[in-house]
Amino acid sequence: MSEIAIGGASDAVDDVRGHGFQFVHGWRELSAHTPEGTVKRFVLPGQLASHQQAPHRIAGVVKGEAFVNLMKDLF
């Protein structure tokens, strides 16, 4: 996604802007929320993305618009 945000075609960049990225505190998980409502979760190998790994789940969401702007500012 970061490569698309930096140098991708404008329609691909607009697609990334519609996503949401959720980072979970307490264990290593990243989930990408698409504009269509689907979610893809990424966890460490050997862990189940469908199982909560701690008693409390604390997460922060970064909107795709902010992600694209950050990548363009950094690179």
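Residues numbered from 1 in each chain as written. Predicted model: local features only at pLDDT ≥ 70, side-chain atom pairs only at ≥ 80, totals over all residues. Heavy atoms only, no water.

Q: Looking at this model, I keep getting lost on the overall build of the protein chain. Mind explaining?
A: A count of helical and extended segments in the protein chain gives 3 helices and 4 strands. The linear arrangement of helices and strands in the protein chain, starting from the amino end, is α-α-β-β-β-β-α. Dimensions of the protein chain, computed from the C-alpha atoms along their principal axes, are close to 40 × 25 × 20 Å. Buried residues in the protein chain amount to 23% of all 75 residues. The long-range fraction of contacts in the protein chain, counting pairs at least 24 apart against all pairs at least 6 apart in sequence, stands at 48%. For the protein chain, the computed accessible surface area is about 5,300 Å², with 57% contributed by carbon and sulfur atoms. The average position of the 7 basic charges and that of the 8 acidic charges among the side chains of the protein chain differ by 9 Å. (Helix = DSSP H or I, 4+ residues; strand = E, 2+ residues; numbered from the N terminus. Buried < 20%, exposed > 50% of the residue type's maximum accessible area, 1.4 Å probe, protein only. Contact = heavy atoms within 4.5 Å. Areas by Shrake-Rupley, 256 points an atom, 1.4 Å probe, with all protein chains shown as cover. Lys, Arg positive; Asp, Glu negative; His and termini not counted. Charge placed at Lys NZ, Arg CZ, Asp CG, Glu CD.)

Q: Quick question: what am I supposed to make of the environment of glutamine 22 here?
A: With respect to the helices, strands and loops of the structure, glutamine 22 is situated in strand 1 (residues 20–25). Expressed as a C-alpha distance, the spacing of glutamine 22 and glycine 37, which sit 15 residues apart in the sequence, is 14 Å. Those residues in contact with glutamine 22, other than ones at most four positions away along the chain, are Glu29, Leu30, Ser31, His33, Arg57, Ala59, Gly60 and Val61.

Q: What is the right way to look at the nonpolar core in this model?
A: One broad rule of soluble globular proteins: the nonpolar side chains tend to lie buried together. Counting 8 residues, the largest nonpolar core is built from Ala5, Val13, Val16, Phe21, Ala32, Phe67, Val68 and Met71. For this core, the secondary-structure elements that each account for two or more residues are helix 2 (10–17) and helix 3 (64–74). Of the residues forming this core, the biggest block, 3 residues, is contributed by helix 3. The residues touching methionine 71, leaving out its near neighbours within four places in the chain, are Ser2, Ala5 and Ile6. (Core = buried A, V, L, I, M, F, W, Y, C linked by side-chain atoms within 4.5 Å.)

Q: Would you explain a nonpolar patch on the surface in this entry?
A: Taken together, Ile6, Leu70, Leu74 and Phe75 make up a surface patch of nonpolar side chains, about 440 Å² in accessible area. Structurally, the position occupied by leucine 70 is in helix 3. (Patch = residues over 30% accessible without salt bridge, like charges linked within 9 Å, V, L, I, M, F, W, Y side chains within 5 Å. Salt bridge = Lys/Arg side-chain N within 4 Å of Asp/Glu carboxyl O.)

Q: Would you take a moment to explain the side chain of threonine 34 for this structure?
A: By the secondary structure assignment, threonine 34 is in the loop between strand 2 (29–33) and strand 3 (39–43). The class of threonine 34 is buried, set by a relative accessible area of 17%.

From the geometry alone we can't say anything about function, so treat these as descriptive.
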